[in-house]
Amino acid sequence: MLSERRLEVLRAIVQDYVGTEEPVGSKALTERHRLGVSPATVRNDMAALEDEGFIAQPHTSAGRIPTDKGYRLFVDRLAGVKPLSSPERRAIQNFLDGAVDLDDVVGRTVRLLAQLTRQVAVVQYPSLTRSTVRHVELLPLATARVMLVLITDTGRVEQRMVDCPAPVSEDSLADLRARLNSRVVGRRFADVPQLVQDLPESFEQEDRGTVSIVLSTLLETLVEETEERLMIGGTANLTRFVHDFPLTIRPVLEALEEQVVLLKLLGEAKDSGMTVRIGHENAHEGLNATSVVAVGYGSGDEAVAKLGVVGPTRMDYPGTMGAVRAVARYVGQILAES
């Protein structure tokens with residue numbers, strides 16, 4: 001276990017290196033921070049931190065920089081989540097309140113996160129596998145053509161055309177709409193097939209063909225839409241950190257183009273707490289020089305998707321964690337109210 005003083009020295013090194021981009025020496029530490037000990041003592045503490053793998057000496061400099069292990073200890077033991085100021089919180093709320101639909105919410109969230117953190121922002125669309133049905137609408141378009149509209153609890157709207165085997169009266173359509181909604185509203189997508197399987201049998205023989213085709217279209221929509229979707233923004237921010245990536249930012253950019261990689265990065269939505277993965281903790285080799293800060297968001301107590309940022313390991317962790325958490329909270333409120 002590290003002593004409290006050595007933890008303070010590590011905290012000071014991380015803060016200075018993140019703030020200045022320069023390797024940190026013992027003299028600078030004692031000048032900038034009230035450590036209460038001499039530069040010689042700080043040098044000894046830095047030697048001990050280096051021996052234990054928390055800091056390292058880049059080949060060109062006498063100063064030290066944090067390692068992945070050092071950043072991990074900083075995040076776990078030393079870094080609080082920095083709360084946003086009142087003006088920042090108001091700006092987030094005003095920006096997100098202007099959204100007109102789910103795509104707009106996700107798009108605004110990506111832009112906002114990228115601007116607040118000056119990192120790459122990644123937002124996962126609410127997953128339909130964890131969504132519930134808010135309403136199913138059936139609209140007559142022609143005598144034997146109907147539009148099916150599925151609305152989820154997260155504000156997602158899916159539309160499908162249904163060609164019926166026979167003309168459908170408005171009364172029949174209203175009856176089907178009422179019976180269908182009585183079974184599926186508020187229920188999870190995964191439960192819907194079982195809830196509607198015997199519905200056709202409750203209708204007259206001549207209507208069963210139409211009911212069956214409407215139901216099969218609804219179930220196809222549920223299956224199609226369970227695939228995960230993402231939006232990414234702020235990739236250009238990486239160019240500000242070129243010197244933070246050992247060789248080139250190309251592996252990072254290539255990794256960010258792969259949706260499967262990004263979904264793994266964000267992690268499972270059911271793990272709604274804040275996750276911070278640093279450097280080599282990221283399984284994808286192209287992201288070994290990056291850190292990922294992610295958190296779940298949702299319209300109730302349960303997360304329906306994740307959002308987060310990707311940046312260099314030399315990251316303002318308290319500020320980034322605060323921004324990511326605040327944005328997730330506001331997005332959840334919007335989904336709950338939509």
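Described in the following lines is the structure provided in the data block. Keep in mind it's a predicted model, so treat the numbers as computed, not measured.

## Thoughts on the overall build of the chain
Within the chain, the regular secondary structure consists of twelve helices and ten strands. Taken against the 2.2 N^0.38 rule, which gives 20 Å for 338 residues, the C-alpha radius of gyration of the chain at 26 Å runs more than 25% over that of a compact globule. Seen through its principal axes, the chain has C-alpha atoms that stretch 90 × 40 × 35 Å. Looking at the chain as a whole, 48% of its 338 residues are labelled buried. Sequence separation of at least 24 residues holds for 60% of the intrachain contacts in the chain that already meet a minimum separation of 6. Accessible area for the chain stands at about 16,500 Å²; split by element, carbon and sulfur atoms hold 49% of it. Put simply, the chain has 38 plus and 47 minus side-chain charges, and the middle of one group is 9 Å from the middle of the other.

## Observations concerning the sheet that holds strand β5 (residues 145-152)
Across the sheet, three strands lie side by side as β4-β5-β6; this open sheet has antiparallel pairing. Only two strands of the sheet have a single partner each, and these edge strands are β4 (133-142) and β6 (157-163). Neighbour-to-neighbour, the strand axes of the sheet open up by a mean angle of 20°, direction not taken into account. With seven bridges connecting them, β5 and β6 associate as antiparallel partners. Following the sheet pairing, I151 is matched in β6 by V157. Relative to β4, helix α7 (residues 170-184) is tilted by about 165°, and along the sheet it contacts β4 and β5.

## Considerations on the packing of helix α5 (residues 86-97) against helix α12 (residues 317-337)
Relative orientation of the contacting elements α5 and α12 amounts to 40°, with a least axis distance of 10 Å. Considering their axes alone, α5 and α12 lie oblique with respect to each other. As α5 runs across α12, the sense of the crossing is right-handed. Of the residues in α12, those in contact with R89, I92, Q93, L96 and D97 of α5 are A326, V327, Y330, V331 and I334. For the contact of α5 with α12, the class distribution of residues is seven nonpolar, one polar and two charged.

## Quick word on the pairing of strand β8 (residues 275-278)
Burial of the side chains of β8 is restricted to one face: V276 and I278 are buried, whereas none of T275 and R277 on the reverse face is. Pairing of β8 with strand β9 (residues 290-297) involves four bridges; the strand directions are antiparallel. The partner of V276 across the bridge, within β9, is V293.

## Examining the sheet that holds strand β3 (residues 120-124)
Sheet architecture is open: five strands sit in the order β7-β3-β10-β9-β8, paired in antiparallel fashion. Unpaired on one side and paired on the other, β7 (230-233) and β8 mark the two borders of the sheet. When the angles between neighbouring strand axes are averaged without regard to direction, this sheet yields 15°. Contacts between helix α11 (residues 259-266) and the sheet are confined to β3, β7, β8, β9 and β10 (305-312), with β7 contributing the most and set at about 90° to the helix.

The rules behind each value
Residue numbering note: each chain is counted from 1, following its sequence as written. Where local features are concerned, this predicted model is filtered to residues with pLDDT of at least 70; where side-chain atom pairs are given and counted, the filter is 80 or more; whole-chain, interface and lining totals use all residues. Values reported for side chains reflect all heavy atoms of the structure, with hydrogen atoms and water molecules removed beforehand. Strands are runs of DSSP state E lasting at least 2 residues, helices are runs of H or I lasting at least 4, and numbering of each runs from the N terminus. Our radius of gyration is a C-alpha quantity, and the globule rule it is checked against amounts to 2.2 Å times the number of residues to the power 0.38. Exposure is judged per residue with a 1.4 Å probe applied to protein chains only, and the accessible area is read against the type maximum: over 50% gives exposed, under 20% gives buried, and values in between give partly exposed. Note on contacts: a residue pair is in contact if any heavy atoms of the two residues lie within 4.5 Å. Calculation of accessible area relied on Shrake-Rupley with a 1.4 Å probe; when residues are assessed, cover is drawn exclusively from the protein chains displayed. Residues scored as charged are limited to Lys and Arg (positive) and Asp and Glu (negative), so that His and the chain ends carry no count. Charged groups are reduced to one reference atom each: NZ for lysine, CZ for arginine, CG for aspartic acid, CD for glutamic acid. Strand pairing follows a simple DSSP-based rule, namely that at least 2 bridges must link the two strands. The convention used is that axes are lines fitted to C-alpha atoms, helices contributing only their stretch in contact, and that angles between N-to-C directions extend from 0 to 180 degrees. Here is the rule for angles: anything less than 35 degrees is roughly parallel, anything more than 145 is roughly antiparallel, 65 through 115 is roughly perpendicular, and the remaining ranges are oblique. Two helices cross in a left-handed way if the nearer one is turned anticlockwise from the farther one by less than a right angle. They cross in a right-handed way if the turn is clockwise. Basically, the charged four are Asp, Glu, Lys and Arg, the nonpolar ten are Ala, Val, Leu, Ile, Met, Phe, Trp, Tyr, Cys and Pro, and anything else, Gly included, counts as polar.

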